[in-house]
Amino acid sequence: MGLVTPELGTFIWMFLAFAIVLFILKKFAWKPILNALKEREESIEDALRSADRAKEEMAELQADNERILQEARKEREAMLKEAKEMSSKIVNEAKQKATHEADKLVESARANIESEKAAALNEIKAQVANLSVEIAEKILRQQFAEDQQQKDYFKKLMDEVKLN
């Protein structure tokens, strides 16, 4: 029962032991514990600041990424537009070239037809002229069967030529 109701001597020794332990703790352990707590608090604050900086950097990176994506989309759209224009231009040039070639072929065919037509007409004219000469020759031979008729007709022609 002595511990439940301590006597004055026990109380003094307990107080003295507590004071010695408190002094030893204050002298040797209190400063290192406080320093450790202070370092821990500073490291936590540094970690929080680093986390905030990292958060801000992530936000900046995300904004940069979004901007880069938008630029890439614009560039892709521009490239697609350019490719469409280029293909349209190539198709139009091919159509124009084909039309030009077709026109040249048609014009060449017309020129060939015209030259063949002219050649055929010249040939027909030559044949008609030959036939006319042959027919005239036959008619004249029949009319001028005698030598005297031929001589008289020849003189008459000569006189007309001299008069002109």
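Residues numbered from 1 in each chain as written. Predicted model: local features only at pLDDT ≥ 70, side-chain atom pairs only at ≥ 80, totals over all residues. Heavy atoms only, no water.

Draft legend 1. Spatial organisation of the overall build of the chain. Looking only at helices and strands, the chain features two helices and zero strands. Rg of the C-alpha trace for the chain: 65 Å, well past the compact-globule value of 15 Å for 164 residues, more than 25% over. Residues counted as buried form 1% of the 164 residues belonging to the chain. Of the roughly 15,900 Å² of accessible surface on the chain, 62% is carried by carbon and sulfur atoms. Between the averaged position of the 27 positive side-chain charges in the chain and that of its 31 negative side-chain charges there is a distance of 1 Å. (Helix = DSSP H or I, 4+ residues; strand = E, 2+ residues; numbered from the N terminus. Rg over C-alpha atoms; globule rule 2.2 N^0.38 Å. Buried < 20%, exposed > 50% of the residue type's maximum accessible area, 1.4 Å probe, protein only. Areas by Shrake-Rupley, 256 points an atom, 1.4 Å probe, with all protein chains shown as cover. Lys, Arg positive; Asp, Glu negative; His and termini not counted. Charge placed at Lys NZ, Arg CZ, Asp CG, Glu CD.)

Draft legend 2. The arrangement of the pattern of salt bridges in detail. Across all of its chains, the model carries three salt bridges by this definition. Salt-bridge contacts for Arg-49 lead to Asp-46; the nearest nitrogen and oxygen are separated by 2.2 Å. Pair noted here: Arg-49 and Asp-46 are both in helix H1 (residues 8-143), with a separation of three residues, about one helical turn. Owing to a relative accessible area of 43%, Arg-49 belongs among the partly exposed residues under this scheme. Arg-67 is the salt-bridge partner of Glu-71, the closest N and O atoms lying 3.2 Å from each other. With a gap of four residues between them, Glu-71 and Arg-67 both fall in helix H1, about one helical turn apart. With relative accessibility at 43%, the residue Glu-71 sits in the partly exposed group. (Salt bridge = Lys/Arg side-chain N within 4 Å of Asp/Glu carboxyl O.)

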